[in-house]
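# Structural overview
Each chain is listed here by its residues.
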Amino acid sequence: SFDCKDEVVLDMFSGIGYYVLPYLCKAKAKHVFACEWNPQALKYLSMNLASNGVQDKCTIIEGDSTANAPVAIANRVNLGLIPTSEMAWPAAIRALAPGGGWLHVHGNCLSEEVNEWASRTAQTLEKISIQQGKPFH
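Quick summary incoming for the structure in this document. Model, not experiment: these values are computed from the prediction.

## Section: the overall build of the protein
When helices and strands are tallied, the protein shows five helices and five strands. Reading the secondary structure of the protein in the N-to-C direction produces β-α-β-α-β-α-β-α-β-α. Taken against the 2.2 N^0.38 rule, which gives 14 Å for 137 residues, the C-alpha radius of gyration of the protein at 15 Å falls within 12% of a compact globule. Intrachain contacts of the protein at a sequence separation of at least 6 include 63% that bridge at least 24 residues. Carbon together with sulfur atoms contributes 54% to the accessible area of the protein, which is approximately 7,800 Å² in total. Taken together, the 11 basic and 13 acidic charged side chains of the protein have centroids lying 7 Å from each other.

## So, the sheet that holds strand β4 (residues 76-79)
Sheets are built from strands that pair by backbone hydrogen bonding, the pairs being arranged parallel or antiparallel. What the five strands build is an open sheet, ordered β3-β2-β1-β4-β5; its pairing is parallel. The open sheet has two edge strands with one neighbour each: β3 (58-62) and β5 (102-105). Each neighbouring strand pair of the sheet contributes to a mean axis angle of 15°, computed without reference to strand direction. Direction of pairing for β4 relative to β5: parallel, over a ladder of four bridges.

## Focus on helix α5 (residues 114-131)
Residues spaced three or four apart along an α-helix face the same direction, because each turn holds 3.6 residues. Its 18 residues place the ends of α5 26 Å apart at the C-alpha level, agreeing with the 26 Å of an ideal helix rising 1.5 Å per residue. On its buried face, α5 is in contact with α4 (89-95) and β5. One or two steps after α5, the chain reaches Gly133, where phi turns positive at roughly 75°.

Calculation criteria
- Residues numbered from 1 in each chain as written.
- Predicted model: local features only at pLDDT ≥ 70, side-chain atom pairs only at ≥ 80, totals over all residues.
- Heavy atoms only, no water.
- Helix = DSSP H or I, 4+ residues; strand = E, 2+ residues; numbered from the N terminus.
- Rg over C-alpha atoms; globule rule 2.2 N^0.38 Å.
- Contact = heavy atoms within 4.5 Å.
- Areas by Shrake-Rupley, 256 points an atom, 1.4 Å probe, with all protein chains shown as cover.
- Lys, Arg positive; Asp, Glu negative; His and termini not counted.
- Charge placed at Lys NZ, Arg CZ, Asp CG, Glu CD.
- Pairing = 2+ DSSP bridges.
- Axes fitted to C-alpha atoms, helices over the stretch in contact; angles between N-to-C directions.
- Expected span 1.5 Å × (residues − 1).

Pasting the structure below:
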């Protein structure tokens, strides 16, 4: 578990709230922006937020997260799309608060390729950050 008190989180592929709800209910995030394009998932995301009494701490953004994600607001960006969320990395970096933050990147690779995947991912994220004029640490 981790503490997200006073943090703003962006979930770029929120679905029914698989990560949104733990951020709000367990990690105590100040606010979550939840991007989703699937109408059925949006329906159940709204229901799940209300069932857990956290609907006032979540802004649902309907549509393509790569085009509609907020800019310069997030302490954390969740990129929970399998097999890859790479198409959303530029938008995720734009969404980070001016002081920076965390990218929670999900992806698939073979277990014997995990180190190569992690290195390639870090290099790509650094390149995107530099292109956007943001420091990468």
